Amino acid sequence: MDQQIIYRKALGSLTGVVLGDALGMPTEFMSRETIKDRYGNVRDLVEPAEGHIHNDLVKGQITDDTEQTLYLARAIIKHRVVTPEVAAEAVLNWARENKVNQKTYLGPTTRKALERLEHGDDPSAAGSNGITIGAAMRIAPVGIINAGQIDRAIRDAVAASLPTHGSSVAIGAAAAVAASIAWAMTATPAAEDEIFSVALRGAREGEKQGIKYLGALVEKRIELALKIADESSSFAEGAINLAEGIGVDMLASELLPTALGLMRIARGKPMEAIWAAVNLGGDTDTLASIIGAIAGALYGPDMFPEALVQKIKEKNNLDLEEIARGLSELALERLESNRWFL
């Protein structure tokens, strides 16, 4: 596989995480109606409102979605493997260096897991039965380093999820995202429709792991989201049907299926899916960043508005190119080692 192609796709995936996160930050946990009343239709970086969960941030700033993704990426580059211990190191370093206990955006599942990890609990068990989207939101590096190796991406997604999100449903969502990105890293945009069957495979295999969740399966919710998307008469109708029929809360069984449903109705225009995510309400930054992570791996960084990306990188002092280079080098190492193993 061409090194430059892998690098550009890695950069695209990371860029998608960052862009979706920053665009969705000001509208996170607002209702669709409140977003419309305050902003109209969000199509640019905007300031969070007074009293908003992120009112300590300014437009263009990132949240834990990007931060945890990049910390996990650096830990993987350092150790060259994905294990619960490596993932735990990443999340602990993120928490300590960013003083997250003082931040407004620390999710309830991650907060509990951090307490257990700080106490010295086994990283393979610290995640307990958390059912939120936190593992899936940071999983992009796992998909990137497993370019073209879907089964390996699923196994690594399980390991990366366990320290904070040990339920079958949370692992299933993370495995679906990782598998989708792994596939996209060696695919062409013309084959976009295949990504949905790959995501279903990741969810199905991922949900065999962890503490069994007795609620709706991610796999079944993805199937329902795709059905809703296919039966909707317009993009706008489809987006609302997904928000109301699947959900936009931080639950793994809602957010990941809705993200894939939005990609389905966008039909090769992933920025439209991202804009829709930003305006749908709920966990908007994570919804948009998951779409960005998958679409960026498939289409590369050029699909994103360059001026917007540059503003966000400057505002947050991000060097995505260096991290993308490290991940792409590891991806090529893994591809080569797998070739010799086979």
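The following paragraphs examine the structure supplied in this document. Here the structure is a predicted model, which is why all the values come from computation and not from measurement.

Conventions used here
- Residues numbered from 1 in each chain as written.
- Predicted model: local features only at pLDDT ≥ 70, side-chain atom pairs only at ≥ 80, totals over all residues.
- Heavy atoms only, no water.
- Axes fitted to C-alpha atoms, helices over the stretch in contact; angles between N-to-C directions.
- Helix = DSSP H or I, 4+ residues; strand = E, 2+ residues; numbered from the N terminus.
- Parallel < 35°, antiparallel > 145°, perpendicular 65-115°, else oblique.
- Contact = heavy atoms within 4.5 Å.
- Core = buried A, V, L, I, M, F, W, Y, C linked by side-chain atoms within 4.5 Å.
- Buried < 20%, exposed > 50% of the residue type's maximum accessible area, 1.4 Å probe, protein only.
- Phe/Tyr/Trp six-rings, centres within 6.5 Å; stacked < 30°, edge-to-face > 60°.
- Lys NZ or Arg CZ within 6 Å of the ring centre and 35° of its normal.
- Left-handed = near helix turned anticlockwise from the far one by under 90°.
- Nonpolar A, V, L, I, M, F, W, Y, C, P; charged D, E, K, R; others polar.
- Salt bridge = Lys/Arg side-chain N within 4 Å of Asp/Glu carboxyl O.

### Considerations on the packing of helix H12 (residues 235-245) against helix H13 (residues 252-266)
Piece 1. Where H12 meets H13, the closest approach of the two axes is 10 Å, and the angle between their N-to-C directions is 170 degrees. Between H12 and H13, the crossing angle belongs to the class labelled roughly antiparallel. Contacts between H12 and H13 pair Phe235, Gly238, Ala239 and Leu242 from the former with Thr258, Gly261, Leu262, Ile265 and Ala266 from the latter.

### Topic: the nonpolar core
Piece 1. Among the nonpolar cores identified, the biggest contains 122 residues, and Ile181, Trp183, Leu256 and Leu262 are the most heavily contacted of them.
Piece 2. Considering each element in turn, this core owes the most residues, 12 residues, to helix H9 (residues 168-184).
Piece 3. Sequence-distant contacts of Trp183, that is, excluding residues within four places in its chain, are made with Ile150, Ala191, Glu192, Glu194, Ile195, Val198 and Leu298.

### Some details on the packing of aromatic side chains
Piece 1. Counted by the stated rule, this structure contains zero aromatic pairs.
Piece 2. Geometry around Tyr71 places Arg74 over its ring, the cationic atom sitting 5.6 Å from the centre.
Piece 3. Here the guanidinium or amino end of Arg264 rests over the ring plane of Phe196, the centre of that ring lying 4.8 Å away.

### Considerations on the packing of helix H8 (residues 150-161) against H9
Piece 1. For the pair H8 and H9, the least separation of the axes is 8 Å and the interaxial angle reads 140 degrees. The hand of the H8/H9 crossing is right-handed. The segment H8 lies against H9, with Ile150, Ala153, Ile154, Ala157, Val158 and Ser161 engaging Ile171, Ala174, Ala175, Ala178, Ala179, Ala182 and Trp183.
Piece 2. A breakdown of the residues in the contact of H8 with H9 according to their chemical character gives 12 nonpolar, one polar and no charged.

### Some details on the environment of Leu224
Piece 1. Mapped onto the secondary structure, Leu224 falls in helix H11 (residues 218-231).
Piece 2. Exposure remark for Leu224: the relative accessible area of 37% places this residue in the partly exposed category.
Piece 3. The sequence separation of Leu224 and Leu242 amounts to 18 residues, and the corresponding C-alpha distance is 9.2 Å.

### Concerning the pattern of salt bridges
Piece 1. Under the counting rule described, the total for this entry stands at 18 salt bridges.
Piece 2. We note a salt bridge from Asp151 to Arg201, for which the minimum N-O separation is 2.6 Å. Within this pair, whereas Asp151 is found in helix H8, its partner Arg201 is found in helix H10 (residues 194-206), the two being separated by 50 residues in sequence.
Piece 3. Classification of Asp151 by relative accessible area gives partly exposed; the value is 42%.
Piece 4. For Arg201, a relative accessible area of 31% puts it in the partly exposed group.
Piece 5. With a shortest N-O distance of 3.1 Å, Glu205 and Lys208 are connected by a salt bridge.
Piece 6. What makes Lys208 exposed here is its relative accessible area of 56%.
Piece 7. What you see here is one network of salt bridges that share partners, running through Asp193, Asp230, Arg264 and Arg267.

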